[in-house]
Amino acid sequence: MGGKKMSLTVKVLLGMVLGILVGLIINLLHLNAAGSFINEYIVNGLFHVTGKLFVNALKMLVVPLVVFSLICGVCGIGDIRLLGRVGGKSFILYLATTAIAIATAILIAVTFNIGSGMDIPTSSNFVVKEAPPLTQVLIDIIPTNPIKAMADGDMLPVIFFSILLGISMLMVGKKAESFIEGAEIANEIMMKMVTIIMTVAPYAVFALIAKAVATLGIEFLSSLAGYVAVLVGALMFHLFVTLMAILKLFSGLNPLTFLKKIRNVQVFAFSTSSSNATIPVTMRTVTQRFGVNNSVASFTVPFGATINMDGTAIMQGVATVFIANVYGIDLTIGQYLTIILFSVLASIGTAGVPGVGLIMLSMVFTQVGLPVEGIGLIMGVDRLMDMIRTAVNVSGDAVVSTIVAKSENKIDLATYNDPDAGIIDHSPVILNK
Ligand code: ASP
């Protein structure tokens, strides 16, 4: 084959496409009947185990990667004011993009008037789980026990502790130098681990997607076709139009380059349905493919994975209009504004893990007095929608990271514009002697 190696991105995409195909074949031919060989040993055996192993490997990296890269980030910035600016800018941009996302979603859903005149039997098997109240979210930012926060993978307290640790190291000065150097080495080692784990990604992505598609099938989409079409349309609009316009407007960088390089991250988010589990990949792409300095990315990426959920907000906007219409409830402008406000607030307190969007939705519904059991209607398609919206969530994280880095002159434009920068070819792990 001309000697040219296939890049990892191409292989991962191939894994995804093959996964969809194999999953569809299994599902459409009913090869996954309960108790059958394929169901027991392939779908819930091989695919399940391979996929889970990979997701575990990614999750395994999150906490050490975030801790070490944040320490390095803070020490690398060396200027507390800059840190404050990066924090402030990213916070505002994350909230603003989420608010724009849900407002657009509501507009699109209202325009298409989805769900009206629909007669779906309502199942009320949705169990309400509460999103944490804002006061508790604020209190929990400071961990009473940092090791416990790390063990639980709670990002906001881990971020807080690591930043404080970095600041303290800087303040100790000369005596702490070897500690800082140690953190830098540890950070490099963690990044290497990400690269190692990514080399098996094509197979893992194949397994994850094949299992999801084999289990879900596609027939379930037809009953909710209107909801799905409008939701996917709104998600794509946000990704390709809104986010890219914001990127161009605030950073002047080429959106096409961005879209090309972010694909890998999107596939990981799509296969894992978790912004948090995708942190290692987002971090690697943002720093090594976009050229964003670690001092910015180490903060903005994990922060974004926790508080920024554009895709999830879009789902909430569309779902609210859809369910209000199905139940024949007219929402007022005031209620729409409440929905926007609450879904933005809810996104701050909930981590980017699979299925959390539904929890946030129940909070929003309670606020505006919509029947929470209505959520039961859209639950059937939510697994797939979760995959798509998570890909939009992580794209938003990367857009904001890039904009903030550009505004602080913390981005290497040569790397951003180089199509091959930071690419992983499929060569096996190379041991540096
Ligand atoms: N799975 C999403 C994420 O991790 C959150 C959600 O919408 O459920 O970003």
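Let me sum up the structure you'll find in this document. If you're wondering where the values come from, they're calculated on a predicted model, not measured in any experiment.

### Observations regarding empty space enclosed by the protein
- Under the counting rule described, the total for this entry stands at two cavities of 30 Å³ or more.
- Its boundaries defined by the atoms lining it, the largest cavity holds a volume of some 80 Å³.
- In terms of lining, the largest cavity is formed by Leu8, Thr9, Met198, Lys261, Asn264, Val281, Arg284, Thr285, Arg289, Gly422, Ile423 and Ile424.
- Those elements that place two or more of their residues in the lining of the largest cavity are helix H1 (8–28), helix H11 (255–272) and helix H12 (275–289).
- A per-element tally of the lining of the largest cavity places H12 first, with four residues.
- Classifying every residue of the lining of the largest cavity by side-chain character gives five nonpolar, four polar and three charged.
- Roughly 60 Å³ of internal volume is contained in the second largest cavity.

### Regarding the state of the cysteines
- Tallying each qualifying case throughout the model produces zero disulfides.
- This cysteine, Cys72, is not joined by any disulfide, and Cys75 carries the nearest cysteine sulfur, 7.0 Å off.
- Given a relative accessible area of 12%, Cys75 falls into the buried group.

### Focus on helix H14 (residues 310–326)
- Compared with the 24 Å implied by 1.5 Å per residue over 17 residues, the 24 Å span of H14 between its first and last C-alpha is a close match.
- Of the residues one or two after H14, Gly328 is the one with positive phi, at around 70 degrees.

### Here we look at the nonpolar core
- Grouped together as the largest cluster of nonpolar side chains are 138 residues, with contacts concentrated most on Tyr227, Phe258 and Val318.
- The element that contributes the greatest number of residues to this core is helix H17 (residues 375–407), accounting for 17 residues.
- Filtering out sequence-adjacent residues up to four positions away, Phe258 remains in contact with Met244, Leu247, Phe290, Ser395, Ala398, Val399, Thr402 and Tyr416.
- Among the nonpolar cores identified, the runner-up in size contains six residues, and Ile26, Val43, Phe47 and Ala207 belong to it.

### Some remarks on a nonpolar patch on the surface
- Together, Met6, Val10, Leu14, Val17, Leu18 and Leu21 give the surface a local cluster of nonpolar side chains, amounting to about 490 Å² of exposed area.
- Turning to its location among the elements, Leu14 is positioned in helix H1.
- Residue class for Leu14 comes out partly exposed when judged on its relative accessible area of 43%.

### Quick look at helix H6 (residues 155–172)
- With 18 residues, H6 extends 26 Å between its outermost C-alpha atoms, agreeing within 8% with the 26 Å of an ideal straight helix rising 1.5 Å per residue.
- Residues of H6 that are buried: Met155, Leu156, Pro157, Val158, Ile159, Ser162, Ile163, Gly166, Ile167 and Met169.
- Downstream of H6 by a residue or two, Gly173 has a phi angle that is positive, lying close to 80 degrees.

### So, the packing of aromatic side chains
- With the rule as written, the count across this model stands at nine aromatic pairs.
- Three or more aromatic residues link up through ring pairs in this structure, and these residues are Phe91, Tyr94, Phe299 and Phe303.

### Regarding the layout of surface pockets
- Approximately 490 Å³ is the volume found for the largest pocket.
- Lining the largest pocket are 25 residues, with Asp140, Asp154, Met155, Leu156 and Pro157 sitting closest to its centre.

### Let's talk about the site of the ligand
- Around the ligand, the structure places 14 residues, and the nearest of them are Ser275, Thr312, Gly357, Asp386 and Arg389.
- Within the side chain of Arg389, a nitrogen or oxygen atom sits 2.5 Å from an oxygen atom of the ligand.
- When the free accessible area of the ligand is taken as 270 Å², the share hidden by the protein chains comes to 100%.
- Split into classes, the residues belonging to the shell around the ligand amount to three nonpolar, nine polar and two charged.

About the thresholds
- Residues numbered from 1 in each chain as written.
- Predicted model: local features only at pLDDT ≥ 70, side-chain atom pairs only at ≥ 80, totals over all residues.
- Heavy atoms only, no water.
- 1 Å grid on protein atoms, 1.4 Å probe; cavity = no way out; pocket = protein on both sides within 12 Å on 5 of 7 lines; lining within 4 Å.
- Points joined across faces, edges and corners; volume = space filled by probe spheres on them.
- Helix = DSSP H or I, 4+ residues; strand = E, 2+ residues; numbered from the N terminus.
- Nonpolar A, V, L, I, M, F, W, Y, C, P; charged D, E, K, R; others polar.
- Disulfide = S-S within 2.5 Å.
- Buried < 20%, exposed > 50% of the residue type's maximum accessible area, 1.4 Å probe, protein only.
- Expected span 1.5 Å × (residues − 1).
- Core = buried A, V, L, I, M, F, W, Y, C linked by side-chain atoms within 4.5 Å.
- Contact = heavy atoms within 4.5 Å.
- Patch = residues over 30% accessible without salt bridge, like charges linked within 9 Å, V, L, I, M, F, W, Y side chains within 5 Å.
- Areas by Shrake-Rupley, 256 points an atom, 1.4 Å probe, with all protein chains shown as cover.
- Salt bridge = Lys/Arg side-chain N within 4 Å of Asp/Glu carboxyl O.
- Phe/Tyr/Trp six-rings, centres within 6.5 Å; stacked < 30°, edge-to-face > 60°.
- Near = heavy atom within 4 Å.
- Polar contact = N/O pair within 3.5 Å; in protein donor to acceptor, adjacent residues only side chain to side chain.

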